[in-house]
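These are the residues of each chain, in order.
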Amino acid sequence: MAMPILQLKNVWKTFSLGKVKLDVLKGVSLDIYSGDFMSIMGPSGSGKSTCMYIIGFLDVPTKGAVFLQQKNVSEFSQDKLAHIRGRKIGFVFQQFNLLPHLTALENVMLPMIFQKVVEKERETRAKQILASLDLDKRAHHKPGELSGGEQQRVAIARSLANDPDIILADEPTGNLDTTTGKAIMHILKQLHQDKKKTIIVVTHDSIIADYSKRIIRIKDGQFI
Amino acid sequence: MDTTLFKLSIRNLKTRPIRSWLTIIGVVIGVFLIISLLSLSEGIKTAVLQQLRMMGKDLVMVFPGEISDVMVAMTGDLKLSDEDIEAIKKTKGVENVVPMAWKAEVMGYKGEKKTVLIYGNPWKDALEIYKRDMGWQLFQGRWPVPGKREIIVGDVVPKDVFPGMKINTEATIAGKKFEIVGVLKSLGNKQDDSMIGMDLEVFRQITGERKGAQFVLAKTSSTYAADDVVERIKTELQETRKRRRGEDLPSFTVLSSEKITDIVGNIMGIIQVAIFALASIAIIVGGIGIMNTMYTATHERIKEIGVMKAVGAKNTTITMIFLIESGILGFVGGLGGTVLGIGLAKIMELYFQVHPIFYLKASASPWLILFGLLFSFFIGCISGFLPARSASKLNPVDALRYE
Ligand SMILES: Nc1ncnc2c1ncn2[C@@H]1O[C@H](COP(=O)(O)OP(=O)(O)OP(=O)(O)O)[C@@H](O)[C@H]1O
Ligand SMILES: [Mg+2]
């Protein structure tokens, strides 16, 4: 049996709001295997995004541990986490989160800058990725000049920049109409099938969740 | 080094051109002030000291009044009496004494009348010192003959005061006829170059200033140290005054030429420090401008910072991006300020060449230019440091959630 590439073990996340302590994640455990296509589903405020940030090394658990290929990441330095994040994880957000002053091409090149990919290669690779998502005509447009669906495709292109193992998508269709949303999910499905990417989609929409192979439900900070 | 972060920073600055330029202008003003003032003051210092250094080390100057009264002495209200002059002459170690007296008088030349400053000194003794130590040289004609009504005029007189004035022509001073026998070469400042010189005896006759002098120059004998002679002159003067008038207060100043050069050099140094301090304040204000701009930038870009961290930017990378931005603001400001500052200094130099109140070289040393550029870049980085650090320390999740 293959080992999980990423594991959450009894992860707690507690926020302190003044004197009040808010437990957002209450001891969740999860094994993610290479090639998974998984949805995390739950109502608003249930802790989906918080969970996804921890999976993507953007946040650290208050209690419990995260293992990347059997190594406890709480022992990693911030710089190392940043490096892994850029190298192994691709993020797709509900609000697209493209840098508004950079063109689509430059947005896709950005994660490669942080991995010190040389400029020539950055450009070739980014153009390839954009072309594979049918965005070659849009390469030199800024996000403000693109439709929502196009922006989200650019965001997916950016998440692929360093050819990561895992793609984390937080409500990727939340700001799109149904048809465009379906197109986006179709792209993720293709990435899973053709490129063997591990894909985790956070959503509250069961139609979206149905694209995945495995659905995990979360409620009040616990998997059910 | 990879220039990518540099390009990224430039992109960021370009997205807010007005704010960037305004910030840069803030730095330009500070650097401009510091560079122009420093290069001018350095130029003035060099010019003045150069003139002072021409003097021999064996000269001693005696003024009436305290050293703080030099301005009063120059206007001619205070005088050294004939007894004082005698006392200086008698002092051991003094070889030669040249009293100098001056007064404003009306001078007429070819129907034109103007008030000029005339001075009298004993040409026989004076000439040797003036030629050797003050760099006096004839431009035209000859020196006045002692006892005769002859005058020698400064370089500016035939140019500006009485345009077209020729030697071997006549002028009237205080109603008396004089022959213009010579023109001096420029002495380096407009005031000296506008004066009219004559023999002291003649000066006393026509001005009615029968006694004393406003200034005495003493040449010391080479076997005595100038500073010792200074002390002896002081003692002599004090005793003379006590004897004759019962005065105790030493209302006179005795200085060796070296001492004067030191004093002037020090004053110039203090002025430069003061200029530097004041202009530094202007640069600090520019730096605060950079800091303000950078804090605003980090605040506006919180979400961007979160995104960059999410796609793999390290804290140091974020710090670099912001530091480069503030460094560019500082450097471009410094470049502009340096260019403008040196430009102004050069324009002033040209102006003083045309209107020689004194001859000034703007001293724009490569050192000063380098200082201007590095200093402003440094100010930019310093001012950008806190904002950059606060940006890099943002928690990525908080930054992403920030609306
Ligand atoms: N930094 C924080 N400080 C305090 N509370 C927080 C913080 N971040 C998240 N929370 C709270 O944690 C809870 C879970 O938030 P989270 O964003 O994970 O929910 P979600 O399931 O993604 O919801 P949605 O579907 O609306 O995006 C919410 O109640 C939220 O207010
Ligand atoms: Mg959420």
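Computed from a predicted structure; not experimentally measured.

Chemist: Just give me the short version of the overall build of chain B, but keep the residues and values in it.
Modeler: Across its full length, chain B holds 14 helices and 10 strands. For 403 residues, the compact-globule estimate of 2.2 N^0.38 gives 22 Å, and the C-alpha radius of gyration of chain B, at 31 Å, exceeds that figure by more than 25%. Along the longest, intermediate and shortest principal axes, the C-alpha atoms of chain B span 95 × 50 × 30 Å. For chain B, buried positions account for 51% of its 403 residues. Sequence-distant contacts in chain B: of pairs separated by 6 or more residues, those separated by 24 or more amount to 80%. Total accessible area computed for chain B in this model is approximately 19,300 Å², and 63% of it derives from carbon and sulfur atoms. Looking at charge distribution, chain B has the averaged site of its 49 positive side-chain charges lying 6 Å from that of its 41 negative ones.

Chemist: Account for the overall build of chain A, naming residues and giving values.
Modeler: What chain A contains, in helices and strands, is 7 helices and 10 strands. Over its C-alpha trace chain A gives a radius of gyration of 17 Å, about what one expects of a compact globule, namely 17 Å for 224 residues. For chain A, the spread of C-alpha atoms along the principal axes amounts to about 50 × 45 × 40 Å. The 224 residues of chain A split such that 53% are buried. Restricting to contacts in chain A with at least 6 residues of sequence separation, those with at least 24 account for 73%. When the accessible area of chain A is evaluated, it comes to approximately 10,400 Å², of which 51% is carbon and sulfur surface. Here chain A contributes 31 positive and 23 negative side-chain charges, whose respective centroids are spaced 4 Å apart.

Chemist: Can you lay out the pairing of strand 9 (residues 214-219) of chain A for me, pointing to particular residues and giving the numbers?
Modeler: All names here are of chain A. Across 4 bridges, the pairing between strand 3 (residues 37-41) and strand 9 is parallel. Bridge pairing in strand 9 links Ile 40 to Ile 216. Between strand 9 and strand 10 (residues 222-223), which pair antiparallel and follow one another directly, the connecting turn spans 2 residues, one of which, Asp 220, has a positive phi of 50 degrees.

Chemist: Tell me about the packing of aromatic side chains, and name the residues and values.
Modeler: One pass over the structure, following the stated rule, counts 11 aromatic pairs over all chains. For the pair Phe 91 of chain A and Phe 93 of chain A, a centre-to-centre distance of 5.7 Å together with 10 degrees between the ring planes defines the contact as stacked. By relative accessible area, Phe 91 of chain A is classed as buried at 2%. With centroids separated by 6.1 Å and ring planes inclined at 75 degrees, the aromatic side chains of Tyr 119 of chain B and Trp 136 of chain B adopt a geometry described as edge-to-face. Here Trp 136 of chain B lies in the loop between helix 5 (123-133) and strand 4 (138-141) and Tyr 119 of chain B lies in strand 3 (residues 112-121), a separation of 17 residues in the sequence. As far as the burial class goes, Tyr 119 of chain B and Trp 136 of chain B line up, both buried. In this structure an aromatic cluster arises from ring pairing among Tyr 119, Trp 123, Tyr 130, Trp 136 and Trp 143 of chain B. Lying across the ring of Phe 67 of chain A, Lys 9 of chain A places its NZ or CZ 4.5 Å from the centre. Note that Lys 114 of chain B overlies the ring of Phe 162 of chain B, its terminal NZ or CZ placed 5.8 Å from the centroid.

Chemist: Can you explain the nonpolar core? Please cite residues and give values.
Modeler: Core analysis: the largest hydrophobic core is formed by 73 residues, its most contacted members being Leu 6, Leu 8, Ile 55, Phe 57 and Leu 110 of chain A. Broken down by element, this core gets its largest block of residues, 8 residues, from helix 12 (residues 315-354) of chain B. Residues contacting Leu 6 of chain A, with those up to four places away along its chain left out, are Leu 30, Asp 31, Ile 32, Ile 55, Phe 57, Val 66, Phe 67, Leu 68 and Ile 166 of chain A. Of all hydrophobic cores here, the second largest spans 34 residues; its members include Met 109, Val 154, Ala 155 and Ile 184 of chain A.

Chemist: Could you give an account of the site of ligand 1, naming the residues involved and the relevant values?
Modeler: By nearness alone, 14 residues border ligand 1, and Ser 44, Gly 45, Lys 48, Ser 49 and Thr 50 of chain A come closest of all. Those residues lying near ligand 1 are distributed over chains A and B. Within the contact set of ligand 1, an oxygen atom lies 2.5 Å away from a side-chain nitrogen or oxygen of Ser 44 of chain A. At 2.8 Å, a side-chain N or O of Arg 401 of chain B approaches an oxygen atom of ligand 1. Using a 2 Å cut-off from the grid points, one finds that ligand 1 occupies the second largest pocket. Every element with two or more residues in the shell around ligand 1 is listed here: strand 1 (6-17) and helix 1 (48-55) of chain A together with helix 14 (396-401) of chain B. Per-element accounting of the shell around ligand 1 gives the leading share, 3 residues, to helix 1 of chain A. In terms of residue class, the shell around ligand 1 is made up of 4 nonpolar, 6 polar and 4 charged.

Chemist: Please give an account of the side chain of Thr 91 of chain B that cites residues and values.
Modeler: All names here are of chain B. Its place among the elements puts Thr 91 in the loop between helix 4 (82-90) and strand 2 (94-109). Taking relative accessible area as the criterion, Thr 91 reaches 3% and is therefore assigned buried. Excluding its chain neighbours within four sequence positions, the residues that come into contact with Thr 91 are Arg 232, Ile 233 and Glu 236.

Chemist: Please provide a residue-by-residue account of the interface of chain A and chain B, values included.
Modeler: The interface of chain A with chain B comprises 29 residues on the first partner and 24 residues on the second. Together chain A and chain B conceal approximately 2,400 Å² of surface at their shared face, both sides included; 60% is due to carbon and sulfur atoms. Looking at the side of chain A facing chain B, the largest losses of area belong to Leu 58, His 101 and Phe 114 of chain A, adding up to 24% of the total buried there. The interface formed by chain A and chain B holds 2 salt bridges in total. A salt bridge links Arg 11 of chain B to Glu 106 of chain A; the shortest N-O distance between them is 2.5 Å. Taken together, chain A and chain B are joined by 7 residue pairs in polar contact (both at pLDDT 80 or more). Of all the secondary structure elements, the ones that give two or more residues to the side of chain A that touches chain B are helix 1, helix 2 (78-88), helix 3 (104-114) and helix 4 (119-132) of chain A. Residue composition of the side of chain A that touches chain B, grouped by class: 12 nonpolar, 9 polar and 8 charged.

Chemist: Summarise the pattern of salt bridges; cite the residues concerned and give the values.
Modeler: It is possible for side chains bearing opposite charge to pair when their charged atoms get close. Applying the stated rule across the entire model yields 22 salt bridges over all chains. Salt bridges sharing common partners tie together Arg 16, Arg 301, Glu 304 and Glu 325 of chain B.

Chemist: So what about the sheet that holds strand 4 (residues 63-68) of chain A? Which residues, and what values?
Modeler: Residues and elements named next belong to chain A. Strand order in the open sheet made by the 4 strands is 2-1-4-5, with antiparallel pairing throughout. Every other strand in the sheet has two partners, leaving strand 2 (20-32) and strand 5 (71-72) as the edge strands with one partner each. Inspection of the sheet shows strand 4 paired to strand 5 by 2 bridges, in the antiparallel sense. Bridge pairing links Phe 67 to Asn 72 in strand 5. Most of the contacts of helix 1 go to strand 1, to which it runs at about 125 degrees, and overall it touches strand 1, strand 2 and strand 4.

Calculation criteria
Residues numbered from 1 in each chain as written. Chains lettered and ligands numbered in written order. Predicted model: local features only at pLDDT ≥ 70, side-chain atom pairs only at ≥ 80, totals over all residues. Heavy atoms only, no water. Helix = DSSP H or I, 4+ residues; strand = E, 2+ residues; numbered from the N terminus. Rg over C-alpha atoms; globule rule 2.2 N^0.38 Å. Buried < 20%, exposed > 50% of the residue type's maximum accessible area, 1.4 Å probe, protein only. Contact = heavy atoms within 4.5 Å. Areas by Shrake-Rupley, 256 points an atom, 1.4 Å probe, with all protein chains shown as cover. Lys, Arg positive; Asp, Glu negative; His and termini not counted. Charge placed at Lys NZ, Arg CZ, Asp CG, Glu CD. Pairing = 2+ DSSP bridges. Phe/Tyr/Trp six-rings, centres within 6.5 Å; stacked < 30°, edge-to-face > 60°. Lys NZ or Arg CZ within 6 Å of the ring centre and 35° of its normal. Core = buried A, V, L, I, M, F, W, Y, C linked by side-chain atoms within 4.5 Å. Near = heavy atom within 4 Å. Polar contact = N/O pair within 3.5 Å; in protein donor to acceptor, adjacent residues only side chain to side chain. 1 Å grid on protein atoms, 1.4 Å probe; cavity = no way out; pocket = protein on both sides within 12 Å on 5 of 7 lines; lining within 4 Å. Sits in = over half its atoms within 2 Å of the grid points. Nonpolar A, V, L, I, M, F, W, Y, C, P; charged D, E, K, R; others polar. Buried area = accessible area lost by both parts, 1.4 Å probe. Salt bridge = Lys/Arg side-chain N within 4 Å of Asp/Glu carboxyl O. Axes fitted to C-alpha atoms, helices over the stretch in contact; angles between N-to-C directions.

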